[in-house]
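# Examination of the molecular architecture
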Amino acid sequence: MNNVIMEVNDEIALVTINRPKSLNALNSETLAELDQCFDEISTRKDIKVLILTGSGQKAFVAGADISEMVNATPAEGRQMGMLAKQAFLKLETMPQVTIAAVNGYALGGGCEISMACDIRIASDNARFGQPETGLGILPGFGGTQRLARLIGKGRAKELIFTCDQIEAQEAYRIGLANKVVPQDELIDTCKKMAAKIISKGSYAISLAKEAINTGMDTDLSSGLTLEADLFGLSFSTHDKTEGMTAFLEKRKADLTDF
Ligand code: CAA
């Protein structure tokens, strides 16, 4: 791969978008590489958490690649949007937990890919925004859909209509970032959170993720039924027997299902 680096250690895949000269902007080649990378990770049992970041100290991802889009036809624009839809849905629905380590600008497609992750940890220099309408386009990699679901319709509309960039603390205040940490502690903080998540039941976490994701897009009663079904399914696992027996025997559980 030319623009994406993946390193796997301790059941964590650290995926770095690596186009520092254009602040890690997402061109079609990078989107295709991310799609391939997410396909691979989703089938690997030795990876429990994915941490997604951008190379360098300045940007997570500064958006879709404007130099590619400037001469693109409507059909090419749609194709790019559909490629991002496919890749970001894989990121959003993979059984592994995904954490965006937002290490600087997360603008346009950068904010959008971070929102396809389960959790966003921001460095103190991070800035989030959807500047597309200033370029004469609208967010095309999920911004009109995921931002409203995450922070509410009113705030999402304000950010998209004004193109305002918000700092990490403001992103934290409105629920776009889960946590803000000094930049030099960002990856360590994400790895510590990953280790805590890995110590729990990975299969149970993947079921909880499915229940939350599906439930957010359906009515409450259907979401509760899905939850009851998955709750029941979790009773079929080794981890359920081991987790509860270990509790009653006052020892640490050895949870292995995934
Ligand atoms: N696409 C292509 N190249 C980009 C880029 C992008 N989104 N963002 C930055 N770059 C390039 C710049 O053109 C520049 O390249 P050169 O050195 O060859 O001139 C290099 O990265 C460094 O950028 P700047 O010199 O602009 O750095 P800065 O510190 O002055 O500003 C910035 C940083 C505020 C992030 C600014 O680069 C910027 O505003 N970038 C564009 C942000 C943007 O509009 N993103 C949305 C894109 S549209 C989109 O994402 C659609 C969608 O929904 C999918």
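Before any of the text, the structure's been laid out above.
As the structure is a computational prediction, the values presented were derived from the model and not from experiment. (Residues numbered from 1 in each chain as written. Predicted model: local features only at pLDDT ≥ 70, side-chain atom pairs only at ≥ 80, totals over all residues. Heavy atoms only, no water.)

The four strands lie next to each other as β4-β6-β8-β9, forming an open sheet whose pairing is mixed. With one partner strand each, in any of the chains shown, β4 (59-61) and β9 (166-167) form the two edges of the open sheet. Inspection of the sheet shows β4 paired to strand β6 (residues 105-107) by two bridges, in the parallel sense. In the strand pairing of β6, alanine 59 is matched with tyrosine 105. (Pairing = 2+ DSSP bridges. Helix = DSSP H or I, 4+ residues; strand = E, 2+ residues; numbered from the N terminus.)

It is worth spelling out the sheet that holds strand β1 (residues 4-9) at this point. Here we have six strands laid out as an open sheet, ordered β1-β2-β3-β5-β7-β10, and mixed in their pairing. Of all the strands in the sheet, the pair left with one neighbour each is β1 and β10 (179-181). Put simply, the sheet's adjacent strands are angled 20° from each other on average, direction ignored. Note: strand β5 (residues 97-102) against strand β7 (residues 119-123), four bridges, orientation parallel. When the sheet's bridge partners are listed, alanine 100 is paired in β7 with arginine 120. (Axes fitted to C-alpha atoms, helices over the stretch in contact; angles between N-to-C directions.)

Now for the layout of surface pockets. With a probe scaled to a water molecule rolled over the atoms, the places where space remains empty come into view. By volume, the largest pocket amounts to about 1,400 Å³. Contributing to the lining of the largest pocket are 48 residues, with Glu112, Phe141, Gly142, Gly143 and Arg146 lying nearest its centre. Listing elements by their share of the lining of the largest pocket, those giving two or more residues are α2 (66-69), α3 (74-93), α4 (109-115), α5 (143-151) and α9 (202-216). With nine residues, α3 is the single largest residue contributor to the lining of the largest pocket. (1 Å grid on protein atoms, 1.4 Å probe; cavity = no way out; pocket = protein on both sides within 12 Å on 5 of 7 lines; lining within 4 Å. Points joined across faces, edges and corners; volume = space filled by probe spheres on them.)

Turning to a nonpolar patch on the surface, a few remarks are in order. Residues Ile66, Leu135 and Ile137 make up a contiguous nonpolar surface patch of about 270 Å² in total accessible area. By the secondary structure assignment, isoleucine 66 is in helix α2. On the basis of relative accessibility, which here comes to 46%, the residue isoleucine 66 falls in the partly exposed class. (Patch = residues over 30% accessible without salt bridge, like charges linked within 9 Å, V, L, I, M, F, W, Y side chains within 5 Å. Areas by Shrake-Rupley, 256 points an atom, 1.4 Å probe, with all protein chains shown as cover. Salt bridge = Lys/Arg side-chain N within 4 Å of Asp/Glu carboxyl O. Buried < 20%, exposed > 50% of the residue type's maximum accessible area, 1.4 Å probe, protein only.)

Attention now moves to empty space enclosed by the protein. As enumerated under the stated definition, the model contains one cavity of 30 Å³ or more in all. Of the volumes computed, that of the largest cavity is approximately 40 Å³. Lining the largest cavity we find Lys48, Pro95, Gln96, Val97, Ile197, Ser202, Ile205 and Phe258. For the lining of the largest cavity, the class distribution of residues is five nonpolar, two polar and one charged. (Nonpolar A, V, L, I, M, F, W, Y, C, P; charged D, E, K, R; others polar.)

By secondary structure assignment, the location of alanine 72 is in the loop between α2 and α3. Separated by 15 residues in the primary sequence, alanine 72 and glutamine 57 place their C-alpha atoms 30 Å from one another.

Bringing the site of the ligand into the picture now. Surveying the vicinity of the ligand reveals 23 residues, the closest of which are Lys58, Ala64, Glu112, Glu132 and Gly140. In this structure, alanine 62 approaches the ligand through a main-chain N or O atom, which is 2.9 Å from a nitrogen atom. At 2.9 Å from an oxygen atom of the ligand is found a main-chain nitrogen or oxygen belonging to glycine 109. In isolation the ligand exposes 980 Å². Once the protein is present, 63% of that is buried. Looking at the shell around the ligand residue by residue, the class counts come to 13 nonpolar, five polar and five charged. (Near = heavy atom within 4 Å. Polar contact = N/O pair within 3.5 Å; in protein donor to acceptor, adjacent residues only side chain to side chain.)

An ideal rise of 1.5 Å per residue puts 28 Å on 20 residues; α3 measures up with 28 Å between its terminal C-alpha atoms. Of the residues making up α3, those classed as buried are Met80, Gly81, Ala84, Ala87, Phe88, Leu91 and Glu92. Buried residues of α3, seen end-on, are gathered within an arc of 140° and therefore sit on one face of the element. For α3, the exposed residues lying more than 90 degrees away from the buried face are Ala75, Arg78, Gln79 and Thr93. (Expected span 1.5 Å × (residues − 1). Arc of directions from axis to C-beta.)

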